[in-house]
Amino acid sequence: MHIILNDEQHPLTEGTTLAQLLAELEQDKPGVAVALNREVVARSQWAERQLAPNDNITLFHAIAGG
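1. Overview of the nonpolar core
Step number 1: One finds Leu18, Val34, Trp46, Leu51 and Ile57 to be the most contacted residues of the largest nonpolar core, which totals 14 residues.
Step number 2: Elements with a contribution of two residues or more to this core: β1 (2-5), α1 (18-24), β3 (32-36) and β5 (56-61).
Step number 3: Not counting the four nearest positions on each side in its chain, Val34 is found in contact with Leu18, Leu22, Glu39, Val40, Val41, Trp46, Ile57, Thr58 and Leu59.

2. Looking at the environment of Ala52
Step number 1: For Ala52, the position within the fold is in the loop between β4 (39-41) and β5.
Step number 2: With relative accessibility at 31%, the residue Ala52 sits in the partly exposed group.
Step number 3: On a C-alpha basis, the gap between Ala52 and Thr16 in space is 8.4 Å, while along the polypeptide they are 36 residues apart.
Step number 4: Leaving out residues up to four positions away in the same chain, Ala52 has contacts with Met1, His2 and Ile3.

3. Side note on the pairing of β3
Step number 1: Within β3, four of the five residues are buried, which leaves it mostly tucked inside the rest of the structure.
Step number 2: The pairing of β3 with β5 spans five bridges and is classified as antiparallel. Within β5, the position partnered with Leu36 by the bridge is Ile57.
Step number 3: Of the strand pairs in this sheet, β3 and β4 are connected by three bridges, and their pairing is antiparallel. Its bridge partner being in β4, Leu36 is matched across the sheet by Glu39.
Step number 4: Here β3 folds back onto β4, and the loop between the two strands holds two residues, one of which, Asn37, carries a positive phi near 55 degrees.

4. Concerning the side chain of Asp55
Step number 1: In this fold, Asp55 is placed in the loop between β4 and β5.
Step number 2: The side chain of Asp55 is buried and forms no salt bridge, while Arg49, the nearest opposite charge, is found at 7.5 Å.
Step number 3: Excluding residues within four positions of it along the chain, Asp55 makes contact with Ile3, Ile4, Leu36, Asn37 and Gln50.

Definitions and limits used
Along each chain, residues carry numbers from 1 onward, in the same order as the chain's sequence is written. Local features are withheld for residues below a pLDDT of 70 in this predicted model, meaning they are given only at 70 or higher, and side-chain atom pairs are given and counted only at 80 or more; totals for whole chains, interfaces and linings count all residues. For side-chain calculations, the full set of non-hydrogen atoms in the structure is used, while hydrogens and water are omitted. To qualify as a nonpolar core, a set must consist of buried Ala, Val, Leu, Ile, Met, Phe, Trp, Tyr and Cys residues joined through side-chain atoms within 4.5 Å. Relative accessibility decides the category of a residue: with a 1.4 Å probe and only protein chains considered, values under 20% of the type maximum give buried, values over 50% give exposed, and everything between is partly exposed. Working definition: helices are DSSP H or I runs of at least four residues, strands are E runs of at least two. Numbering for both runs from the N terminus. The contact definition used throughout considers only heavy atoms, calling two residues in contact when any of these lie within 4.5 Å. Two strands form a pair only when DSSP identifies at least two bridges running between them. Only four residue types enter the charge count: Lys and Arg as positive, Asp and Glu as negative, with His and the chain ends excluded. Any Lys or Arg side-chain nitrogen found within 4 Å of a carboxyl oxygen on Asp or Glu counts as a salt bridge.

Dropping the structure here:
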């Protein structure tokens, strides 16, 4: 199956959770936020949120500054 990750197609195994995807991408670290189909997903829900074909995922990184 494929998902859309930051506006690009990304192959993925069926049954993959959001937490598994982020671990695979090495993005499961502090300062990362995720929107799934334009809805922000709380970090506490990443492990239980299973991805489906054509899901649209956007990764955000917090930037410090002033």
